[in-house]
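Summary of the model geometry
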Amino acid sequence: MKRLSFIARVSTAVLSACLVWSSPLMAQELIRIGAPLPITGPLSPEAKKLQNGINLWVEAVNKVGGIKVGAKRMKVEVVYVDYQSNTPRAVQATERLITQDKVDFMFSPFGSGAAKAASSVSEKYQMPTIAATASSEQVYDQGYKYLFGVYTPNQTLTEPLADLVAKQASGVQRVAILARNDLFPLAIAQEMEKSAKKRGMNVTYFEKYAIGTLDHASALSQIKSQSPHWIFATGYINDLILIKKQMADQGIEAPVVTMIAGPAYKEFVSGLGKGAENVTSAAWWHPAVRYQGKDVFGSTENFNKLFREKYGLDPDYGEASSAASGVVLQLAIEAAGTLDRQKVRDALAAMNTVTFFGPIKFGPTGQVISLDPPVFQVQKGKQVVILPTAIKQGNLQLGVK
Amino acid sequence: MLFLQILANGLVLGGLYACIAAGFSLVWGVLNVINILHGSFIVLGGYLAFFGYTQYGIHPFVSIAIAAPLFFALGYVLQRTLINRMIAAPVLLTLTLTFGLDLMLANGMLAAFTADFRKLILDPPLGILRLGALVLPIDRIIAMLLALGLTGLLYLTLSRSRMGRAIVAVRMDREAAALMGVNVKHVYALTFGLGALMAGASGPLLAMIFPISPLTGPVYLGKAFVICVLGGLGSVPGAMIGGITLGIVESFGSLWFGPEHATTLSFVLLIAILLMRPEGLLGRKGYA
Amino acid sequence: MTQALLRVQGLTGGYGDVQVLWGLDLEVARGEIVCLVGSNGAGKTTLMRTLSGLIPARAGHIQFGDVDLSYANPERALRAGLAHVPEGRRLFSAMSVRDNLLMGAYLREDGVGAINADLERMYVHFPILKQRHHQAAGTLSGGEQQMCAIARGLMGAPRLLLIDELSLGLAPAIIEQLCDTLRGLHREGLSLLVVEQDVATALELASRAYVMDTGRITRHGQSDTLRHDPAIREAYLGAL
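Some remarks on the overall build of chain B
Each helix and strand counted, chain B has 11 helices and 2 strands in total. Each helix and strand of chain B, ordered N terminal to C terminal, gives the series α-α-α-α-β-β-α-α-α-α-α-α-α. Since a compact globule built from 288 residues should have a radius of gyration of about 19 Å, the 19 Å found for chain B is in line with a globular shape. Per-residue burial for chain B yields a buried fraction of 60% across its 288 residues. Long-range contacts, defined here as pairs at least 24 residues apart, represent 79% of the contacts in chain B between residues at least 6 apart.

Quick look at the structure:
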């Protein structure tokens, strides 16, 4: 890990201050979008991905001269604020970006919990906000008109997964679920419980762990004593790496181990090595999908190519969804032909088009309803898509150590 | 069998907890200083081990030996130059001082290392030990043994060595100790140095098991606090009893009430002890 | 003429704004047992604490052998050979008897062997301490604690031992025992300055005595003389 020197940090701060200060002079020519992110803290790996995606989109759109607003083109600038993985601070950051930095549009903070908390602020100021990484339906249940999310609801992940396991691993009867006590991880765990029960499986263990838990030994010992066939753990990447490692510490084995949301990231595999083998997961996007889009990237393949050129690795769903939120905002502004917030909002609500990320149509709550999330498994150190059948790259392998 | 596994988990964790708390308890008991820096010292020791391992290949066990004298010196100088000025002041004032110093240290670490969680993963990993149906990760067992060893060394120092006797004497009766020719200021600094040493040396041990981040400092401090109340202040046996009790309570609490309540349970226990037996299980009577 | 081991001249001092000692003169010769008597509040304890360096003097002079202890701290006094057994004994109560004694030897640099030899000597003078040497000092009886405190003071190998309140709260038989032991130590070369509430015991033990009242020495002289002095008898001895 590189350590930024104190001097480098101070100069960066001074430079950004100058940039922010000078931007009113350029206000006429720039569209400014606020992006509060957990740049430091336990959720920082996720923030890095969102920044990668957003920055790639900004580069692509500014390269063609900017977003078309009516007759002219306006370039884009994203204003990042670090809320240190602390949800109350995310809300404060959102308020500050809207009222003090006076941004034109907003991206949500990371995750369902923070996105929901910050959405009240956006709604208060009637600020169109795109959530790149909020999938739980509870985020969109407040009747807000200004929040739009590009992740489909949680059951669109658990249903295909449960289906697959029920069909291809017929011995699976006992299911153990361990969920992080946070909005999205708990919500998706509850969805999984429903999906499993619907198929006649027996959920023998369902417990929550507190945010910031470092030691899961007790919970895992309990799970081990029940010898479950399917272990389902939810949390964010740091949690899941810790849980899987502590599972190995206790010698826990099961035919199927599913973790959401972490195995899609390269960090999961590099952090666990052989420990990641055969862990299954589901996500809202995978670089193997193929769509021809009407957006600035044009197609999934082109997006992947540009991403690889800029960052030297393949994109994962967090990086794609943050770029998609930029793409979606751009398409709405261009359809509305103006920066007027009400009109852009209406354009978002009416959107029905295809992008590199997939078909985009928002439901009445603001959450996207048009996508088909892939299910995948880590096989020999690589993420292999096993659903949907149209793009599958391999088959479900049983047995996780 | 589950019972035995949970008990084993609790004991292993408890040994580590005892080490975390021993230094904190010593400083509180002898100097009447609640050292808020204690948690951040542990984290700093963890970073030392992490960077030592990832950049220079120094094994965390070796880092303990490096951290110990460094933190002792740091603690001694800090006490002699700053904290000693407030030594006669009420407990809350010295708490404010160490709180302020801790803010500086924690934010310094945040700026230097960022809040990202660092995980010290040994390569090759140490594996697991199977005793019948019990499964125990070897890295935890070794960390626990080293933690107990360190705590034991502290105990021996306090009860058998000349300086240890002087520290205990100062704790019992400062003026009488002065009458014996003890330089009380020096002893205070020595004690603080020992507390810092225990914190810094347990850093590498904890780094092998838990992720390292400036944000975890308060977690360790909180546990040290609870353990001191549980076991009684200023005594190493007290820290041992308190640490093991906490480890077991957290382990079984997680089993009976669910993992999300494990921490809550330890604080409920803290309140119960404060109400029923405020001097802790061993009380102030147990010395060194 | 025997040399003065301790010579105090015009000693003035007290606590903060409160002056307790008003220009005291006092002497202890080499090989003497001297006692200090006076009613409560006379300043006897303050004097002891000033001599051993726990409290700083405000003015005056303390000469101990060839060392000027006027504004010294306890460490310097101890190194010079002046030890103080404080009022109330002030043992380290949860520490063992043995560790208390070892604390008395804290400053000594003559090696473990010499210290252990002295430890054995203490056990000879005070056999009960040997019996209880692993017990916590706080669990001893009053008399045993006083013995422990005196032994602790002696472990510093002092030339002059100050004892503040020798007999307070002790049974007459124990007091008798203590005095015998002190006389034995005196024969071995120890000089003593003893503060004693009970004037009869004081004059019995010491060869010379000072009488102190409100921070000043009001009378001094040979014990025999003072014992027969009508004023002393009236004030301190009642009907003898």
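Side note on the domain arrangement of chain A
All names here are of chain A. Here chain A is partitioned into domain 1 (24-152 + 287-361) and domain 2 (155-283 + 374-391). Of note, the centres of domain 1 and domain 2, computed from C-alpha atoms alone, are 29 Å apart. Counting the surface lost from both domain 1 and domain 2, the interface buries some 1700 Å², and carbon and sulfur atoms represent 61% of this. By the criterion of area lost to domain 2, the three top residues of domain 1 are Glu-46, Lys-49 and Tyr-317, representing 29% of everything that side buries.

Re the pattern of salt bridges
Residue and element names in this part refer to chain A. In this structure the tally under the stated criterion is 41 salt bridges over all chains. Two residues, Asp-239 and Arg-180, come together in a salt bridge whose shortest N-O distance is 2.9 Å. Residue Asp-239 is found in helix α8 (residues 237-249), and its partner Arg-180 is found in strand β7 (residues 174-180); the two are separated by 59 residues along the sequence. Residue classification places Arg-180 among the buried residues on the basis of a relative accessible area of 7%. Salt bridges sharing common partners tie together Glu-159, Asp-163, Lys-167, Lys-198 and Arg-199.

Re the interface of chain A and chain B
Listed by partner, the interface residues are 33 residues for chain A and 33 residues for chain B. Together chain A and chain B conceal approximately 2700 Å² of surface at their shared face, both sides included; 59% is due to carbon and sulfur atoms. Linking chain A with chain B are 2 salt bridges. Residue Asp-139 of chain B pairs with Lys-245 of chain A through a salt bridge whose shortest N-O separation is 3.5 Å. Where chain A meets chain B, there are 4 residue pairs in polar contact (both at pLDDT 80 or more). Those elements that place two or more of their residues in the side of chain A that touches chain B are β8 (202-209), α7 (217-226) and α8 of chain A. Sorting elements by how many residues they give to the side of chain A that touches chain B places α7 of chain A first, with 7 residues.

Quick look at the packing of aromatic side chains
In the structure shown here, the tally under the stated rule is 28 aromatic pairs over all chains. Relative to Phe-225 of chain B, the ring of Phe-24 of chain B has its centre 6.4 Å away and its plane inclined at 50°; by these criteria the two rings are tilted. Here Phe-24 of chain B is found in helix α1 (residues 2-31), whereas its partner Phe-225 of chain B is found in helix α9 (residues 217-231), with 201 residues between them in sequence. Taking the relative accessible area as the measure of exposure, Phe-225 of chain B reaches 30% and is therefore partly exposed. An aromatic cluster of three or more residues is present, and its members are Phe-110, Tyr-151, Phe-184, Tyr-236, Tyr-265, Trp-284 and Tyr-317 of chain A. Note that Arg-162 of chain B overlies the ring of Tyr-106 of chain C, its terminal NZ or CZ placed 4.1 Å from the centroid.

What to know about the sheet that holds strand β2 (residues 67-69) of chain A
Residues and elements named next belong to chain A. If you trace the 6 strands from one edge of the open sheet to the other, you get β2-β3-β1-β4-β5-β6, paired in mixed fashion. With partners counted over all chains shown, the strands left at the sheet margins are β2 and β6 (147-149), one partner each. For this sheet the average axis-to-axis angle between neighbouring strands, irrespective of direction, equals 30°. One ladder, built from 8 bridges, connects strand β1 (residues 30-37) with strand β3 (residues 72-82); its direction is parallel. Opposite Leu-30, over in β3, you have Lys-75 as the bridge partner.

Describing the interface of chain B and chain C
With 19 residues of chain B at the contact, the number on the chain C side is 20 residues. Between chain B and chain C lies a buried interface of about 1900 Å² when both sides are counted; carbon and sulfur atoms form 64% of it. Among the residues chain B hides against chain C, the three largest losses belong to Arg-165, Leu-179 and Met-180 of chain B. Together they make up 38% of the total. At the junction of chain B with chain C, the criterion picks out 4 salt bridges. With its nearest N and O atoms 2.7 Å apart, the salt bridge here joins Glu-175 of chain B to Arg-49 of chain C. If you list the elements that add at least two residues to the side of chain B that touches chain C, you get α6 (162-172) and α7 (174-179) of chain B. Counting residues per element, the side of chain B that touches chain C draws most heavily on α6 of chain B, at 7 residues. The residue makeup of the side of chain B that touches chain C, split by class, is 12 nonpolar, 2 polar and 5 charged.

Criteria and cut-off values
- Residues numbered from 1 in each chain as written.
- Chains lettered and ligands numbered in written order.
- Predicted model: local features only at pLDDT ≥ 70, side-chain atom pairs only at ≥ 80, totals over all residues.
- Heavy atoms only, no water.
- Helix = DSSP H or I, 4+ residues; strand = E, 2+ residues; numbered from the N terminus.
- Rg over C-alpha atoms; globule rule 2.2 N^0.38 Å.
- Buried < 20%, exposed > 50% of the residue type's maximum accessible area, 1.4 Å probe, protein only.
- Contact = heavy atoms within 4.5 Å.
- Domains from an automatic or database assignment.
- Buried area = accessible area lost by both parts, 1.4 Å probe.
- Salt bridge = Lys/Arg side-chain N within 4 Å of Asp/Glu carboxyl O.
- Polar contact = N/O pair within 3.5 Å; in protein donor to acceptor, adjacent residues only side chain to side chain.
- Phe/Tyr/Trp six-rings, centres within 6.5 Å; stacked < 30°, edge-to-face > 60°.
- Lys NZ or Arg CZ within 6 Å of the ring centre and 35° of its normal.
- Pairing = 2+ DSSP bridges.
- Axes fitted to C-alpha atoms, helices over the stretch in contact; angles between N-to-C directions.
- Nonpolar A, V, L, I, M, F, W, Y, C, P; charged D, E, K, R; others polar.

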